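Structural description and commentary
What follows is the residue order along each chain.
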Amino acid sequence: MEELITELEAQEERLQFDRFDNDDAWALGSMLVEAARERALAITIDVRRGGQQLFHAALPGTTPDNDRWIERKIRVVERMHASSFLVGRRLAAKGAAFDAGYGVDPAQYAAHGGAFPIRVRNVGVVGVVTVSGLPQADDHALVVEVLSRFLGPLS
């Protein structure tokens with residue numbers, strides 16, 4: 001588990017933006033849709049900045065439940081400034097849960113993979129990109145894969 005946590009932390013350090021605007025949100029969301037369509041994945045994709053939803057796509061095979069999962073995962077990133085998967089793995093390593101002990105309602109928060117912070121260098125977390133519909137490690141991996149391509153070879 002420690003090795004996975006270290007890798008997740010390294011991803012967040014590496015996958016940072018120099019800037020992030022509405023056009024970037026559209027381009028990132030579109031790249032995720034393209035990757036999902038190539039693989040025939042039934043996922044919902046959401047990109048936000050400053051609490052504003054800038055991109056949202058629900059691909060064939062998804063349901064409104066995917067939107068509920070997205071909302072719950074986003075709350076984790078907004079509160080903890082770390083990916084929902086990293087938060088969940090850190091908690092699992094301690095045998096803990098993201099629940100009333102953290103002052104949160106588990107019906108409102110999901111420390112499951114798929115939501116990743118949009119972090120701008122020298123600024124901090126400005127938004128969240130989220131995928132829902134796959135097993136949590138796969139949701140997370142898809143976001144990381146597409147972010148890596150979007151940010152280029154230095155990411």
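A short tour of the structure in this document, coming up. (Residues numbered from 1 in each chain as written. Predicted model: local features only at pLDDT ≥ 70, side-chain atom pairs only at ≥ 80, totals over all residues. Heavy atoms only, no water.)

1. Here's the deal with the packing of aromatic side chains
One pass over the structure, following the stated rule, counts five aromatic pairs. Plain terms: the ring middles of Phe17 and Phe150 are 5.9 Å apart, the flat faces sit at 50° to each other, and that makes the pair tilted. Of this pair, Phe17 sits in the loop between helix H1 (2-14) and helix H2 (22-38) while Phe150 sits in helix H5 (residues 136-151), placing them 133 residues apart in sequence. Taking the relative accessible area as the measure of exposure, Phe17 reaches 3% and is therefore buried. Centre to centre, the rings of Phe98 and Tyr102 are 5.5 Å apart; their planes meet at 45°, and the pair counts as tilted. Classification of Phe98 as buried rests on a relative accessible area of 8%. (Phe/Tyr/Trp six-rings, centres within 6.5 Å; stacked < 30°, edge-to-face > 60°. Helix = DSSP H or I, 4+ residues; strand = E, 2+ residues; numbered from the N terminus. Buried < 20%, exposed > 50% of the residue type's maximum accessible area, 1.4 Å probe, protein only.)

2. Observations regarding the sheet that holds strand S1 (residues 44-49)
Across the sheet, four strands lie side by side as S2-S1-S4-S3; this open sheet has antiparallel pairing. The open sheet has two edge strands, strand S2 (52-58) and strand S3 (115-120), and neither has a second partner. Taking the axes of each pair of neighbouring strands and ignoring which way they run, one obtains an average angle of 15° across the sheet. Judged from the six bridges that link them, S1 and S2 form a sheet pairing that is antiparallel. Bridge assignment links Thr44 to a residue of S2, and that residue is Ala58. H2 rests against S1, S2 and strand S4 (124-132) of the sheet, and its axis sits at about 15° to S2. (Pairing = 2+ DSSP bridges. Axes fitted to C-alpha atoms, helices over the stretch in contact; angles between N-to-C directions. Contact = heavy atoms within 4.5 Å.)

3. With respect to the pairing of S1
Here S1 lies mainly inside the structure; five of its six residues are buried. A loop of two residues connects S1 with S2, the two strands running antiparallel in sequence, and Gly50 in this loop sits at a positive phi of about 55°. Where S1 lies against S4, six bridges are found, and the strand directions are antiparallel. Looking at the pairing, Arg49 lines up with Gly127 of S4.

4. Some remarks on the packing of H1 against helix H4 (residues 84-94)
Any two packed helices are characterised by how steeply their axes cross, that is the angle between the axes, and by the distance between the axes. The contact between H1 and H4 brings their axes to 10 Å, and the two run at 155°. Between H1 and H4, the crossing angle belongs to the class labelled roughly antiparallel. Helix-helix and strand crossings are classified by hand; for H1 and H4 the assignment is left-handed. Across the interface between the two elements, Leu4, Ile5, Leu8, Glu9 and Glu12 of H1 pack against Phe85, Leu86, Arg89, Arg90 and Ala93 of H4. Taken together, the residues of the contact of H1 with H4 break down into six nonpolar, no polar and four charged. (Parallel < 35°, antiparallel > 145°, perpendicular 65-115°, else oblique. Left-handed = near helix turned anticlockwise from the far one by under 90°. Nonpolar A, V, L, I, M, F, W, Y, C, P; charged D, E, K, R; others polar.)

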